[in-house]
Every structure is written in C-alpha cells, then in structure tokens.
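# Close look at the chain arrangement
If you want the building blocks of each chain, they are given just below.
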Amino acid sequence: AQSVAQPEDQVNVAEGNPLTVKCTYSVSGNPYLFWYVQYPNRGLQFLLKYITGDNLVKGSYGFEAEFNKSQTSFHLKKPSALVSDSALYFCAVSPEGSYIPTFGRGTSLIVHP
Amino acid sequence: DTGVSQNPRHKITKRGQNVTFRCDPISEHNRLYWYRQTLGQGPEFLTYFQNEAQLEKSRLLSDRFSAERPKGSFSTLEIQRTEQGDSAMYLCASSSHRQVEHEQYFGPGTRLTVT
C-alpha cells in the first residue's frame, strides 16, 4: 500500500524568502506524485505533478518540485514566498498507472509580511 | 467550463437520517472521484467512476455508503442511517480521459454535520 508523509504540520517563512514544503512517499514501483493547494473556504487546486521525465517539475504560481527517487521525496519549493501563498498544501502519490491517489495530512504554510 | 460543482454545500441532519450529495464534474471529464476529508487530514479516497462504471468501491467506509453515476455525467453519494462519525467534508473530483493527465480537479465540497 502506498503512503505519504508530510513531516511538518506548519511551515513559517518571511515574504521574499525561499520556501520548502517536505514530502516523502512509499509506493510499489514507479510513483505518480502530485501537489495540491487548499485555500480557506475553497476546494483543492492542482499545482504540479511528476509522472515521468525530468526530475524537476514546474507548476502554477511559481512553484516547483524535485523528484528524488533515492530519497523517495518530492519536496515543494518556491524561490520567493508571497503572503498570498499562505494555504494548506497536500502531497499525494499513486502507483504508476493508477488513478487512485493517497494524500498526506497536509502542511500549513504561513508567509509573514 | 465552470469547474466541478457540488450540492448542497452544507447539510445538517439528525442521526439515523439518509442524505444524498450531488456532484457535477467538468463536462469533458470521464473520471469522477469521491473523497472524505476530516479536520487535520488529507482527502481519503472512497470510490471512483470511469463513465458509468464504478471501478473501485471497496474503500467505501461501510455498506451505508453508496454512489451512482447513472448516465456518466453527474454522480450522487448517499449515506444511509447517518452516524455522528459521518460528519466530515465530502469532496468530489474529476479528471480527463487522456491517460497522461492524472491530475484531479476538485469541487468545493459538501460539509455534513450529523447531530
């Protein structure tokens, strides 16, 4: 069975500083990896995915993530945080070819002005 | 394209009553998913459809839960004999038929409160 760990319940960063939200996963075979964001009172929004190809993937709003197979990680990054990035971020994994993802518990990102 | 819609947005019911939620996916999407999300947790997969076919339903939480998608468009999730533990946010998502596109597009959710 697959699983996702988001080791930090909350990440605090100052506006303009780089941010990292961590995600590690466990899955049989090759993974499909995703990041979603949830703003208050809004549904989850897709940010980016890794299916195959380049280990560094770029997504919406300037976010990117790096797939590291040896460390089974898929950390979300942004070079310069904005206050508007403050939200709940979820990492998800599914086995290759599967349409059923397993989500992590989420990490609350707080960007301070 | 108006995105995924869910109705109602909020539902308060008494224990023992039946409730039904509706999800309308993005029109060209053939896959539709139901999740449950409780406070402090990520979405928990319940079931999914490809067109009319329900391809995975073993993760429905109990036999009180059922879902349908009779014409391959909208879907309903029914919970019979509700219990207080059923209180949660119920999310619907849809995704494209194109095999390379596995990302899902979520609706705003239906918040269920069982009193």
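Look a little higher up for the structure.
These lines cover the structure that appears in this document, whether it is placed above or below. (Residues numbered from 1 in each chain as written. Chains lettered and ligands numbered in written order. Predicted model: local features only at pLDDT ≥ 70, side-chain atom pairs only at ≥ 80, totals over all residues. Heavy atoms only, no water.)

## Quick notes on the pattern of salt bridges
Heads up, the condition is: The term salt bridge refers to a side-chain nitrogen of Lys or Arg lying within 4 Å of a carboxyl oxygen of Asp or Glu.
The tally for this structure, following the rule as stated, stands at 7 salt bridges over all chains. Several salt bridges converge on common partners, so that one network encompasses R64(B), E83(B) and D86(B).

## Structural notes on the interface of chain B and chain A
Think of interface size as the accessible area that goes away when the parts come together; that is how it is often given. Definition in use: We call two residues in contact when some of their heavy atoms are within 4.5 Å. The term buried area means the drop in 1.4 Å probe accessible area that two parts suffer when joined, counted for both and summed. Runs of E in the DSSP output that reach at least two residues are strands. Runs of H or I that reach at least four are helices, and both are numbered from the N terminus. Residue polarity follows a fixed list, in which Ala, Val, Leu, Ile, Met, Phe, Trp, Tyr, Cys and Pro are nonpolar, Asp, Glu, Lys and Arg are charged, and the others, Gly among them, are polar.
With 23 residues of chain B in contact, the opposing surface of chain A contributes 19 residues. Sorting the residues of chain B by area buried against chain A places H102(B), E103(B) and F106(B) first, and these three jointly supply 32% of that buried surface. For the pair chain B and chain A, the number of links is 1 salt bridge. K49(A) is the salt-bridge partner of E103(B), the closest N and O atoms lying 2.7 Å from each other. Ranked by residue count, the leading element in the side of chain B that touches chain A is strand β4 (residues 31-37) of chain B, at 4 residues. Considered class by class, the residues forming the side of chain B that touches chain A number 9 nonpolar, 8 polar and 6 charged.

These results come straight from atomic positions and should not be treated as a statement about function.
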